[in-house]
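Chain residues, written in single-letter form:
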Amino acid sequence: LKDTDKEREIEGKVVVVTGGTCDIGYAIADHFLNNGAKVAILLDIKIEEGIQAEKELNSKYGENKAVFIQCDVTVDSKRLSEYILRKFKHVDIFVNNAASVEENEPRKLMLINAVATIEWSIIFFKHMRKDNFRGEGGTIINISSTAAHNIDPLYATYKASKFAILGFSQSLGHKYNYNKYGVRVLTLCPGPTNTTLVNNVYNLYERKLVEKVIKYYNFATIQSSDNVGRGAVEVFRSSESGKSWDIVDEKPPVESPNTITVMPEF
Ligand SMILES: NC(=O)C1=CN([C@@H]2O[C@H](COP(=O)(O)OP(=O)(O)OC[C@H]3O[C@@H](n4cnc5c(N)ncnc54)[C@H](O)[C@@H]3O)[C@@H](O)[C@H]2O)C=CC1
Ligand SMILES: CCCCCC(=O)/C=C/[C@H]1C=CC(=O)[C@@H]1CCCCCCC(=O)O
């Protein structure tokens, strides 16, 4: 196999997903296991959901295919990355998916969505680097949002975090870095998806405003998490480093635009 073929193979790979116990993170873990991953390690702050998710995936794919480790991504990166590497020897795919949409806790939101994504990416980039002693290459997948392509009245802090993830991931995954270090960095930008997080929007904003924004972007559906999980595997199998992919309206991934849409006054 060529290096790029090996890199894009899922069979036998160790996958880590932050926020992996429900919704989009769970669907990503599920699809990687379904396509032959050796193990999916689910890092999440929620203990009961974590135990349940581990149980469900193990009954679907077999014993020890899923491992839940309780984790706060904002504080546990050093301790748990060392633990994971001691226990599993290496990690092939690291997915930064955990997030908050709590606009009224901006510091916490930025720590979870942006700072933690950057810190965990850097830790596992170093582990995977091929110029490192024993570095075997690998793929980091960071979850941004189509909200990172748009300026409108909603989610100002959340948007800032998703713009940060997109810029960081495309820069770290730049072809120059890929050629030098052999680690792929990919970004996914899901559109509105039916999860706990999305249902929060109507608690934060007037329904009329949300409806106006939805109409402006012409979103056809609030898609399933499963479509994002399926899209993640498709992107993993086909994408070059540094690219970003929109997964919207229950359709397959399409490359993200390099432009920002500014919603006019209304
Ligand atoms: N639902 C949507 O419409 C969209 C979601 N996204 C992104 O997709 C990703 C997943 O979103 P959803 O599944 O909708 O969210 P969700 O809220 O259903 O799941 C997020 C998970 O992250 C975990 N988490 C939160 N803070 C944590 C912390 N400090 N440490 C560890 N785990 C923590 C939660 O416990 C939860 O399991 C997020 O990055 C989100 O921004 C992007 C575009 C659209
Ligand atoms: C357009 C508003 C959609 C309202 C309901 C909704 O689906 C909200 C979803 C957000 C929660 C987390 C996200 O990442 C979602 C935004 C998804 C793209 C929204 C794009 C519109 C925007 O820029 O605000």
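Conventions and cut-offs
- Residues numbered from 1 in each chain as written.
- Chains lettered and ligands numbered in written order.
- Predicted model: local features only at pLDDT ≥ 70, side-chain atom pairs only at ≥ 80, totals over all residues.
- Heavy atoms only, no water.
- UniProt positions renumbered as here; feature names shortened; annotations may be inferred.
- Helix = DSSP H or I, 4+ residues; strand = E, 2+ residues; numbered from the N terminus.
- Expected span 1.5 Å × (residues − 1).
- Buried < 20%, exposed > 50% of the residue type's maximum accessible area, 1.4 Å probe, protein only.
- Arc of directions from axis to C-beta.
- Contact = heavy atoms within 4.5 Å.
- Pairing = 2+ DSSP bridges.
- Near = heavy atom within 4 Å.
- Polar contact = N/O pair within 3.5 Å; in protein donor to acceptor, adjacent residues only side chain to side chain.
- Areas by Shrake-Rupley, 256 points an atom, 1.4 Å probe, with all protein chains shown as cover.
- Nonpolar A, V, L, I, M, F, W, Y, C, P; charged D, E, K, R; others polar.
- Phe/Tyr/Trp six-rings, centres within 6.5 Å; stacked < 30°, edge-to-face > 60°.

Going by an unreviewed UniProt entry, the chain carries the name 15-hydroxyprostaglandin dehydrogenase [NAD(+)] and comes from Bombyx mandarina. For the record of the chain, the UniProt heading Sequence similarities (unreviewed entry) holds the text "Belongs to the short-chain dehydrogenases/reductases (SDR) family."

Caption draft 1: Molecular detail of helix H3 (residues 47-61). Look at H3: 21 Å from first C-alpha to last across 15 residues, which is about the 21 Å you get at 1.5 Å a residue. When we look at burial in H3, the residues that qualify are Gly50, Ala53, Leu57 and Asn58. Viewed end-on, H3 has its buried residues packed into an arc of 125°, placing them on one side of the element. Across from the buried face of H3, at angles greater than 90 degrees, the exposed residues are Glu48, Lys55 and Ser59. Looking at the buried positions of H3, the neighbouring elements they touch are helix H2 (23-34), strand E2 (39-44) and strand E3 (66-70). Gly62, located one to two residues past H3, shows a positive phi value of around 110°.

Caption draft 2: Broad picture of the sheet that holds strand E8 (residues 244-247). Reading across from one edge, E3-E2-E1-E4-E5-E7-E8-E9 is the order of the 8 strands in this open sheet, with mixed pairing throughout. With one partner strand each, in any of the chains shown, E3 and strand E9 (254-255) form the two edges of the open sheet. As defined by bridge partners, strand E1 (residues 14-18) adjoins strand E4 (residues 93-96) across 3 bridges and the pair is classed as parallel. Bridging across to E4, Val17 finds its partner in Val95.

Caption draft 3: Representation of the site of ligand 2. The full set close to ligand 2 counts 18 residues, and Ser145, Asp152, Tyr158, Leu197 and Val198 are the nearest of them. At 2.5 Å, a side-chain N or O of Tyr158 approaches an oxygen atom of ligand 2. Bound to the protein, ligand 2 loses 97% of the 530 Å² it would expose on its own. Residue assignment for the shell around ligand 2 shows that the elements contributing at least two residues are helix H6 (156-172), helix H8 (196-199) and helix H10 (207-217). Here the shell around ligand 2 takes 4 residues from H10, the largest share from any one element. Of the residues belonging to the shell around ligand 2, the class tally is 13 nonpolar, 3 polar and 2 charged.

Caption draft 4: Fine view of the packing of aromatic side chains. Summed over all chains, the structure comprises 9 aromatic pairs. Ring plane angle 20° and centroid distance 5.5 Å describe the contact between Phe94 and Trp120, whose orientation is recorded as stacked. In this pair, Phe94 is assigned in strand E4 and Trp120 in helix H5 (residues 106-128), connecting sequence segments 26 residues apart. The exposure class assigned to Phe94 is buried, which follows from its relative accessible area of 0%. Taking the centre distance of 5.7 Å and the plane angle of 40° together, the rings of Tyr217 and Phe219 count as tilted. Residue Tyr217 is classed as buried on the basis of its relative accessible area of 16%. A relative accessible area of 24% places Phe219 in the partly exposed class.

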